[in-house]
Structure formats: structure tokens, C-alpha cells
Amino acid sequence: MEINILLVDDESDFVETMVKRFGIRKMPIDSAKSGQEALAALAAKDYDVIILDVRMPGMDGLEVLKLIRERAPLTEVIMLTGHASLEAGMQGMNLGAYDYVLKPADFDDLLDKVRKAFERKQLNVKARKQGA
Amino acid sequence: MSRPASREPESGSERQGISQGSDQGMLARATGARLWKDHGLLLWAHFLVPPGLAALVVAATFATPVLAGILAGAVLAIAAVSARGLLSRLSQAEEARLALTNQLIQSQKLAAIGELSAGIAHEINNPIAIIAQEAEWAAHLVGEAEKTGTADFAEVKDSLREVRAQVDRCKNITHKLLDFARKREPVLQEVDVVRIIEDMARLVDKEASYKNVTLVRDLPQDLPTLRTDAPLLRQVVLNLMTNALHAVDTGGRIQASARADGEMLEIRIADNGCGIQPENIDKVFNPFFTTKPPGQGTGLGLSMCHTLVTGMQGEISVESKPGQGATFIVRLPLRHSPLHAAGKNT
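Keep in mind that what you see is a predicted model, and the values were worked out from it rather than measured. (Residues numbered from 1 in each chain as written. Chains lettered and ligands numbered in written order. Predicted model: local features only at pLDDT ≥ 70, side-chain atom pairs only at ≥ 80, totals over all residues. Heavy atoms only, no water.)

1. Quick notes on the overall build of chain A
Operational definition: The secondary structure listing takes helices from DSSP runs of H or I that are at least 4 residues long and strands from runs of E that are at least 2 residues long, numbered from the N terminus. By the convention used here, residues are in contact when the closest approach between their heavy atoms is within 4.5 Å. Note on areas: Shrake-Rupley, 1.4 Å probe, and residue coverage restricted to the protein chains presented here.
Within chain A one finds five helices and five strands. For chain A, the share of sequence-separated contacts (at least 6 apart) that also reach a separation of at least 24 residues comes to 65%. Summing over all exposed atoms, chain A offers an accessible surface of approximately 6,200 Å²; the carbon and sulfur share of this is 50%.

Here it is in C-alpha cells:
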């Protein structure tokens, strides 16, 4: 099953590598360079998993996370950070992020987390359908 | 090993295993003492009369069978009556004990509500005081401007900005409370607990190294996977580790361990920090309870952990000796009860 993934990061080198690596596995992903871009993309398409950098110029990753949770509560978010900030990690988890990954992220590890996040989204969708 | 915290999940007294254990022990002792005091004679009769009469029956058997029969009948009758009396008194005592337990739970609930309201009041009072002060000052400045005709609104704007900031602070507190009250239904997935602990530990490592604190992992590689809510468990583990990091001094040590224990999976986060004072140990899971200076902790972290773990059908407890650190113990069922799992996965 195809997973709709959005990668949000202002580091274009990192984004390029990631798009390539996901592509090799026949998993096309979209990317956004900022929080605003990410929210615009989210308004246009229903994403399953969003990989979101914490530190970006302009809109802060945690701020974006909050808005994603409000606008698309079923979309799972994996936070990505270059420097392990415990405070940001706590806030991210408390705001409902699915997981937290430290850069440089091991690709297989990240892939595994994306799959788990997607599984959770599907479980949530199923539970919601049953509840309705 | 402390008692699991949620022996009575619906009660308000579930916060802390140790306090509840001693409450019940006290109750049991009190009930026993009262039973002896009120019904001592009956108890003595119950234990002594039947054997005595039995001895008489044996003696009488050698005299005449009729006398033996009468005596045996009398023995049975007395035994039956005294047993019934004892039973009814025991059930009365049990009822009294239950009533007492309920009273205790009720009073603990009330105490918790009292503390909670005090906590909220305290947290919100400070920003409100500042808002009042700034509003008064702004009104004064505007009044002055009106009188003199010359207006310096920079200071007024400053006051208004401060008011705004303090309102945001209040909003933050109420939002946290709302988050706290919102029930997030757990979504069950196969979860590798060792991996989750390792992931969260890596987040804590850097901050720990600034404080020269070592975070030791004691994680078996053959731990069974758990069906639970992954992000909620991450939140609990991260909160407990952060809590431990705040508790230890420079050069301290935190140990994260996990093991399977029968039907349960047990996670322990231990630190060698200042520990918890005995008078505080049954309050650590209460909302707004904190020993940190004002402004440095809302006192919601551990109570949130408690809510999350209970939501995962688990138990959380704490063991601590002051000056010798504290150990937080999370126990989660390896197999979820079908009732709970059915709604989510079928």
C-alpha cells in the first residue's frame, strides 16, 4: 500500500537525499521547505505521515506540529531534530508527535518508524469508521 | 517492591501504592481489634465450647448411648448457633470495614480535589495579579495624558503588552489542563519497548552530558514485544527520564531498565538524586504537585504519566528513600484484556 509522505525541512541537501532514498524504494515522497509550505501542501493533499524538522527559519517546527494536529488529527507526525533538545522533544511528544528522530537519521530506522506511524494511522481510521 | 498503584482503578486513592497499602493495613488491624473487643466472649466461646462439649460426648458415650445422643445434639446446636452468630458479626464487621474504606476513598478524593484547586488557583493567581497591576498602571497613564494633553503612549503600550503576555500564560495553563483532561483512546500496536527506551534515552543523553549525568541502560535483548500505544509510552518514558534528570545533581546517575515479569512488562527509571520526602511520596502523582520553585515546573508531568499509564491498563508506582534517589516503576500488561482490545482491532 502506498504511503503518502511529506518531508518538511529547510536543508535542501538533506531533502534531496531523502527524496532519492525513498524513491529507490518505490516510495515517492513530497517535500516542503518551510512550515507555511507544509501547511499549504497539507491543505491540498491528505498525508499519512509527515516528517517534520523542529528547527526551521520562520515557523517553528513545534508550531507547525500544533497546526497539523488541529487540521489533520489523523496524520501522524515524526519529529526530526539535528540537536537533541530535550525540552523540544518533550513538547513534541506532549503535542502528539508519533516519534522523535535524531539527525543524522539512520534511513532504515526512519523507514521503519514511517511504516509504524502509517500502521497507527490506519488503525485510527478503522477505529473511527467503527465508531461512526 | 511497592504495591501497584491502581489496585482500585475507579477510586481516587489510586495515586500511590504505598499510602494505600498502609491505609488498608491500618484498616484491617483496626477491624480485627474491634472484633476482639466487641465480640471477644463469643469468639472464645466459639473456639472453646465445641471441643469441651466434644470431650463430654466422648465421656458420655461410655456411660449411656442416650445421654451421648442428647449431648451430641446439644454440641451441634451450640456450635451452629455460635457459628451463625460469628458469621453475622463478621459480615457486620466487613460492612463496617467497607463503609470505612469508602469514607477513606471519599475523603482522599476530596483532598485531591482540594489540592488540585489550590494548584490551579496558585498557578493562575500570579499572572492575574500582574494583569491587574499593569491595567491599573495603564489607566493611570492614560488619565495623566488626558489631564496634561501630552500623551506618552509607549509606557501604556508596554503595559498592554505585559497584560497580553500574562493572558497567554494563563491560556497555557488552561490548555495544559485541557490536554490533561482529554481522554486519548490508546491505539494498540506491536511495540519494541527496548527500542522506545533507547530512542528516548538518546534524546536525554545530550542534556544529561551537560550535567555530567550518565544514563545507564539495562535492557535485555530478548524482551517480548508489547501491544500498546507507542507514542503514549514514549511520552511516559521521556517524562520519567526528564524527571530523573531534574532530580539528580551534577555527576549523578540514571538507570533505565526493563524486564518481563510474568504477565507484565516492567520498566524502571531509577535515579540517585535527592529522593522524595516520605510526606510527599503519596502526592507525587497529584496534578500540580511540585517541589520545584514556582515557574519551573507545572507539576503536571508525573500526574500525566499516571493518567497515560492507567489508560494503557498499566500501573505506575514509586519507591524512594530520601537522599538515596527514587525509582519509578511502570508495569504494563503483556496481553491486553480482550474487552479493551476488541474495540480497537477487530
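Further notes follow.
2. Digging into the packing of helix α2 (residues 35-44) of chain A against helix α3 (residues 61-71) of chain A
All names here are of chain A. Definition in use: Note on geometry: axes are C-alpha line fits, over the in-contact stretch for helices, and angles between N-to-C directions span 0 to 180 degrees. The cut-offs work like this: below 35 degrees is roughly parallel, past 145 is roughly antiparallel, 65 to 115 is roughly perpendicular, and the gaps in between are oblique. Amino acids outside the nonpolar list (Ala, Val, Leu, Ile, Met, Phe, Trp, Tyr, Cys, Pro) and the charged list (Asp, Glu, Lys, Arg) are all regarded as polar, and Gly is one of them.
The contact between α2 and α3 brings their axes to 10 Å, and the two run at 10°. It follows that α2 is roughly parallel to α3 by the angle criterion. Contact with α2, carried on its side by Gly35, Leu39 and Leu42, involves Val64, Leu67, Ile68 and Arg71 of α3 and no other residues of that element. When grouped by side-chain class, the residues that make up the contact of α2 with α3 number five nonpolar, one polar and one charged.

3. Section: the packing of aromatic side chains
Worth spelling out the cut-off: Aromatic pairs are defined between Phe, Tyr and Trp rings, using the six-membered ring for Trp, whenever the two ring centres lie within 6.5 Å; interplanar angles under 30 degrees are classed as stacked, those over 60 as edge-to-face, and all others as tilted. Only protein chains enter the area calculation, which uses a 1.4 Å probe; residues under 20% of their type maximum are buried, those over 50% are exposed, and those in between are partly exposed. Whether a charge sits over a ring depends on NZ of Lys or CZ of Arg being within 6 Å of the ring centre and within 35 degrees of the ring normal.
Evaluation of the coordinates by the stated rule reveals two aromatic pairs over all chains. On the basis of an interplanar angle of 70° and a centroid distance of 4.9 Å, the ring pair of A:Phe22 and A:Phe107 is categorised as edge-to-face. Of this pair, A:Phe22 sits in helix α1 (residues 12-24) while A:Phe107 sits in helix α5 (residues 107-131), and the two are 85 residues apart along the sequence. What makes A:Phe22 buried here is its relative accessible area of 0%. In this structure, A:Lys103 is placed above the aromatic ring of A:Phe14, and the distance from its NZ or CZ to the ring centre is 4.6 Å. The aromatic ring of A:Tyr98 is capped on one face by B:Arg234, whose charged end is 4.8 Å from the ring centroid.

4. Structural notes on the interface of chain A and chain B
Condition: Buried area adds together the accessible area that both of two parts lose upon being put together, with accessible area traced by a 1.4 Å probe. Just to be clear on terms, a salt bridge is a Lys or Arg side-chain nitrogen sitting within 4 Å of an Asp or Glu carboxyl oxygen. We call two N or O atoms a polar contact when they sit within 3.5 Å, provided that within protein one can donate a hydrogen and the other can accept it, with sequence-adjacent residues counted only if both atoms are side-chain atoms.
Counting residues at the interface gives 24 residues for chain A and 27 residues for chain B. Buried surface at the junction of chain A and chain B, summed over both partners, amounts to about 2,400 Å²; 49% is from carbon and sulfur atoms. When the area that chain A buries against chain B is broken down by residue, the three leading residues are A:Leu86, A:Met93 and A:Arg120, summing to 27%. Ionic pairing is found between B:Arg234 and A:Asp99, a salt bridge with its closest N-O pair at 2.9 Å. One can count eleven residue pairs in polar contact (both at pLDDT 80 or more) joining chain A with chain B. Among the secondary structure elements, those contributing two or more residues to the side of chain A that touches chain B are α4 (86-94), β5 (99-102) and α5 of chain A. The element contributing the most residues to the side of chain A that touches chain B is α5(A), with ten residues. Broken down by class, the residue content of the side of chain A that touches chain B amounts to ten nonpolar, seven polar and seven charged.

5. Details of the environment of B:His246
Residue and element names in this part refer to chain B. By secondary structure assignment, the location of His246 is in helix α5 (residues 230-247). Taking the C-alpha atoms as reference points, His246 and Gly273, separated by 27 residues in sequence, lie 8.5 Å from one another. In this structure His246 touches Lys211 and Lys292, once residues within four positions along its chain are discounted.

6. Re α5(B)
Where we set the bar: In this analysis, the expected span of each helix is defined as 1.5 Å times one less than the number of residues it contains.
Spanning 18 residues, α5(B) covers 26 Å between terminal C-alpha atoms, matching the ideal 26 Å at 1.5 Å per step. Of all 18 residues that make up α5(B), 15 are buried, and the element is covered over most of its length.

7. Concerning the sheet that holds β5(A)
Residues and elements named next belong to chain A. Here is the rule we go by: In this description, strands pair whenever DSSP reports at least two bridges between them.
On the basis of which strands lie adjacent, the open sheet formed by five strands has the order β2-β1-β3-β4-β5 and parallel pairing. Each end of this open sheet is capped by a strand with a single partner; those strands are β2 (29-32) and β5. Between one strand axis and the next, the sheet turns by 20° as a mean value, whatever way the strands run. Bridge count for strand β4 (residues 76-81) against β5 is four bridges, and the pairing is parallel.

8. Some words on the pairing of strand β4 (residues 253-261) of chain B
All names here are of chain B. As defined by bridge partners, strand β2 (residues 214-218) adjoins β4 across five bridges and the pair is classed as parallel. Its bridge partner lying in β4, Leu215 is registered against Ile254. Both β4 and strand β5 (residues 264-271) contribute to a ladder of eight bridges, which runs antiparallel. Its bridge partner lying in β5, Ile254 is registered against Asp271. Here β4 folds back onto β5 in antiparallel fashion, the turn holding two residues, of which Gly262 has a positive phi close to 65°.

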